[in-house]
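Listed below, chain by chain, are the residues.
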Protein chains: 2
Amino acid sequence: MSSPLLEQLIESFRVLPGVGRKTAQRMAYHVLERGRDGGRRLAQVLAEAVERIGHCSQCRDFSETDVCTVCASGGRDRQQLCVVESPADRLAIETATGYRGLYYVLQGRLSPLDGIGPRELGLALAARLAGGEVTELIVATSSTVEGEATAHYLAQLARQHGARPSRLAQGLPLGGELEYVDRGTLSHAFGTRGEMRD
Amino acid sequence: MSSPLLEQLIESFRVLPGVGRKTAQRMAYHVLERGRDGGRRLAQVLAEAVERIGHCSQCRDFSETDVCTVCASGGRDRQQLCVVESPADRLAIETATGYRGLYYVLQGRLSPLDGIGPRELGLALAARLAGGEVTELIVATSSTVEGEATAHYLAQLARQHGARPSRLAQGLPLGGELEYVDRGTLSHAFGTRGEMRD
């Protein structure tokens, strides 16, 4: 390598997900050849983000302030609370749906083998539900074994505090061809088929 | 978005090649969730690289010093000079081959329509060849129309200065199936077939 600093830059890019040696090289060359301004800005924002972004004290999503902009907003319905596993899930729901309630980010799901039990997940949420403001707890955990176990636990927790638990609908994805849907999903969708109305 | 700073971080990642909104999100979340140390280091190295990496005064490759480590090295054969189009090409040759000579990075190729003529490409190289140290000019430009035109021009330049021009072999890629090789390459490889020896 003609430049030790360039070598360091290439290695540093590999911290990003899905970036191997070859892609890291391409990124480094691209920034140096055509994107120095963008690179400068990325360096600056990244340094600031890594230092300043923590977690919202209410929803546990990423935030550089104690309470994030969504939780602090006066325009959200505080009776609905949607529980997701990760910040990325929260963003997906916020982008795709018209949901105007609040969120709670678990930052994980029940996984006894990894030492994540109900205690680790639920204490802050239980306190939140005990406040009595929440009437519907929308459980948006993954459709995996751990996600389902977490959903089951959250539903119990909600009922204990007088909130109504709900779960995202499961079935065939929109626009998917029946032939290519996995067996589990197809079997579930068939078993929970609903009546057609005009 | 719950955090304006996170939004900025996602936008900033999009300066990288091949990174769209979705990948940028994944990168931002990944760094915040699992790679803060790596992110801090990337920010620091990137800021430094963007400011400090310029071009080697001899080979024009990226370097943070006036003369890059390869050009400054005492262990390279100064009679061989390999001309490439870009720093990435130079790195590919350095990694794949056992070449121990020096390099010259054109940072482009002849492209009259874009205002890159022989003058823009060749002045520094001509001065280098006039030095008389180089005996072989290895032309490693791309097999494109512009690359070929550039190669032709460089060969003339080399001969004018008493250096022997050479060109990378063209033909079938190793391990490729004949059936899938493009027509131009196949026709060329067929036409320039060599005698087999024991």
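Our structure's up above, just so we're on the same page.
Keep in mind the model is a prediction, meaning the values are calculated, not measured.

(A) Seen up close, the sheet that holds strand β6 (residues 164-167) of chain A. All names here are of chain A. The strand order across the open sheet built from four strands is β4-β3-β5-β6, with neighbouring strands paired in parallel fashion. Sheet topology places β4 (101-105) and β6 at the edges, where each strand pairs with a single neighbour. In this sheet, adjacent strand axes meet at a mean angle of 25° when their direction is disregarded. Direction of pairing for strand β3 (residues 77-84) relative to strand β5 (residues 136-139): parallel, over a ladder of four bridges. Bridge pairing links Val83 to Val139 in β5.

(B) Here's a closer look at the environment of Gly171 of chain B. Residues and elements named next belong to chain B. Within the secondary structure layout, Gly171 lies in the loop between β6 (164-167) and α8 (183-191). The exposure class of Gly171 is partly exposed, given its relative accessible area of 31%. In contact with Gly171, other than residues within four places in its own chain, are Thr185 and Ala189.

(C) Just the interface of chain A and chain B, in detail. Each partner contributes to the interface: chain A provides 51 residues, whereas chain B provides 51 residues. Interface of chain A and chain B: buried area, both sides summed, is about 5,100 Å²; carbon and sulfur atoms make up 69% of it. Viewed at the interface, chain B and chain A are joined by two salt bridges. In this structure, Glu51 of chain A engages Arg40 of chain B in a salt bridge whose closest nitrogen and oxygen atoms are separated by 2.5 Å. In this assembly, chain A and chain B are joined by 14 residue pairs in polar contact (both at pLDDT 80 or more). Put simply, the parts of the chain that give the side of chain A that touches chain B at least two residues each are α1 (4-13), α2 (21-34), α3 (36-52), β2 (62-63), α4 (69-72) and α5 (87-96) of chain A. Residue contributions to the side of chain A that touches chain B peak at 15 residues, all from α3 of chain A. Grouping the amino acids of the side of chain A that touches chain B by side-chain chemistry returns 28 nonpolar, 12 polar and 11 charged.

Analysis parameters
Residues numbered from 1 in each chain as written. Chains lettered and ligands numbered in written order. Predicted model: local features only at pLDDT ≥ 70, side-chain atom pairs only at ≥ 80, totals over all residues. Heavy atoms only, no water. Pairing = 2+ DSSP bridges. Helix = DSSP H or I, 4+ residues; strand = E, 2+ residues; numbered from the N terminus. Axes fitted to C-alpha atoms, helices over the stretch in contact; angles between N-to-C directions. Buried < 20%, exposed > 50% of the residue type's maximum accessible area, 1.4 Å probe, protein only. Contact = heavy atoms within 4.5 Å. Buried area = accessible area lost by both parts, 1.4 Å probe. Salt bridge = Lys/Arg side-chain N within 4 Å of Asp/Glu carboxyl O. Polar contact = N/O pair within 3.5 Å; in protein donor to acceptor, adjacent residues only side chain to side chain. Nonpolar A, V, L, I, M, F, W, Y, C, P; charged D, E, K, R; others polar.

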